[in-house]
Amino acid sequence: MIKVSALNDSNKQAFLNLIEKDFKNANLKNIEDSINSFSDNELLLVCLNEQNQAIGFAKTTEKVSAILKLDYIYVTKDLRRDKNGSVILVSVYNYAVNRLIAGIIGECNKNNEDAIAFFKARGFTVAPVDSETCSLTKSLLYMYKTHE
């Protein structure tokens, strides 16, 4: 069983341990400084396993016009294809709908076939931006129920 929650004091060290393990060349001081200075329109969701170890995360930024930018979504390599990325993405959807967000945008490297397949399978439209980048878009309007 996994759980996804916003970055807080109880899961911060687990998140930093994941960054240190999976991103060996990352400057942890810079990452720690940046997570301590998030603005009100930014959110970091951390995915924890049963042992309270971080196994993935997503970072989003709320844009004007009811759009949420998916800055990052990551699952540790040995736990991919176990639906962990989908659980994190559903948590992003829930956050977005609770904030009355109409759609999600993002970008990924054009050569990242796994990421492109992941997003396409979850209903994202993937379109080339330039020779190296693809844009990702998904409307969330279908999640809002209209009342008569």
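Because the structure is a prediction, the values reported are computed rather than measured. Residue numbers here run from 1 along each chain, matching the order of that chain's written sequence. Local features in this predicted model are restricted to residues of pLDDT 70 or higher, and side-chain atom pairs are both shown and tallied only at a pLDDT of 80 or more, whereas totals for entire chains, interfaces and linings draw on every residue. The basis for every side-chain value is the complete set of non-hydrogen atoms in the structure, without hydrogens or water.

**Q** Looking at this structure, I do not really get helix α4 (residues 113-121). What am I missing?
**A** Because each turn of an α-helix spans 3.6 residues, side chains separated by three or four positions in sequence point in the same direction. Exposure is judged per residue with a 1.4 Å probe applied to protein chains only, and the accessible area is read against the type maximum: over 50% gives exposed, under 20% gives buried, and values in between give partly exposed. Strands here are runs of E lasting at least two residues and helices are runs of H or I lasting at least four, both read from the DSSP assignment and numbered beginning at the N terminus. Of all the residues in α4, the buried ones are Ala115, Ile116, Phe118 and Phe119. Taken around the axis of α4, the buried residues stretch over an arc of 160°, which confines them to a single face. For α4, exposure combined with an orientation more than 90 degrees from the buried face picks out Glu113, Asp114, Lys120 and Ala121. Contacts between residues were defined by any pair of non-hydrogen atoms, one from each residue, lying within 4.5 Å. If you follow the buried residues of α4, they end up packed against β4 (67-75), α3 (84-98), β5 (103-109), β6 (125-128) and β7 (133-139). Positive phi shows up at Gly123, right after α4, with a value of about 85°. The directions considered for the arc are those from the helix axis to the C-beta atoms.

**Q** Is there a simple way to explain the environment of Ala14 in this structure?
**A** Relative to the helices and strands, Ala14 is located in helix α1 (residues 12-22). Look at Ala14 and you get buried, because its relative accessible area is 13%. For the pair Ala14 and Asn52, spaced 38 residues apart in sequence, the C-alpha to C-alpha distance is 7.1 Å. Discounting residues that sit within four places of it in the chain, Ala14 has contacts with Leu48, Asn52 and Ala54.

**Q** What is the right way to look at the nonpolar core in this model?
**A** Among soluble globular proteins, nonpolar side chains are generally buried collectively. To qualify as a nonpolar core, a set must consist of buried Ala, Val, Leu, Ile, Met, Phe, Trp, Tyr and Cys residues joined through side-chain atoms within 4.5 Å. Membership of the largest hydrophobic core comes to 26 residues, with the highest contact counts inside it found for Leu68, Leu70, Leu89, Val92, Ile104, Phe119 and Phe124. Counting only elements with at least two residues in this core, the list comes to β2 (42-48), β3 (54-63), β4, α3, β5, α4 and β7. Looking at this core element by element, the count peaks at six residues for α3. Among the nonpolar cores identified, the runner-up in size contains 13 residues, and Phe15, Ile31, Val46 and Ala54 belong to it.

**Q** Help me out: how do you make sense of the pairing of β6 in this one?
**A** Every regular strand shows the same layout, with side chains that alternate between the two sheet faces. By the bridge criterion, four bridges tie β6 to β7 in an arrangement that is antiparallel. By the bridge assignment, Thr125 is partnered in β7 with Thr137. Should DSSP find at least two bridges between two strands, the strands are taken to pair. Linking β6 to β7, which pair antiparallel, is a turn of four residues.

**Q** Before we go on, may I ask you to explain the side chain of Glu62 in this structure?
**A** Among the secondary structure elements, Glu62 is positioned in strand β3. Looking at Glu62, the relative accessible area reads 17%, which means it is buried. Pairs of N or O atoms are called polar contacts if they sit within 3.5 Å, as long as, within protein, a hydrogen donor faces a hydrogen acceptor (for residues adjacent in sequence, only side-chain-to-side-chain pairs). Side-chain polar atoms of Glu62 contact the side chain of Arg99, separated by 2.9 Å. Setting aside anything within four residues of it in sequence, one finds Glu62 in contact with Asn41, Ile67, Leu68, Tyr95, Arg99 and Ile101.

Honestly, that's just the spatial picture; any functional story needs more than this.
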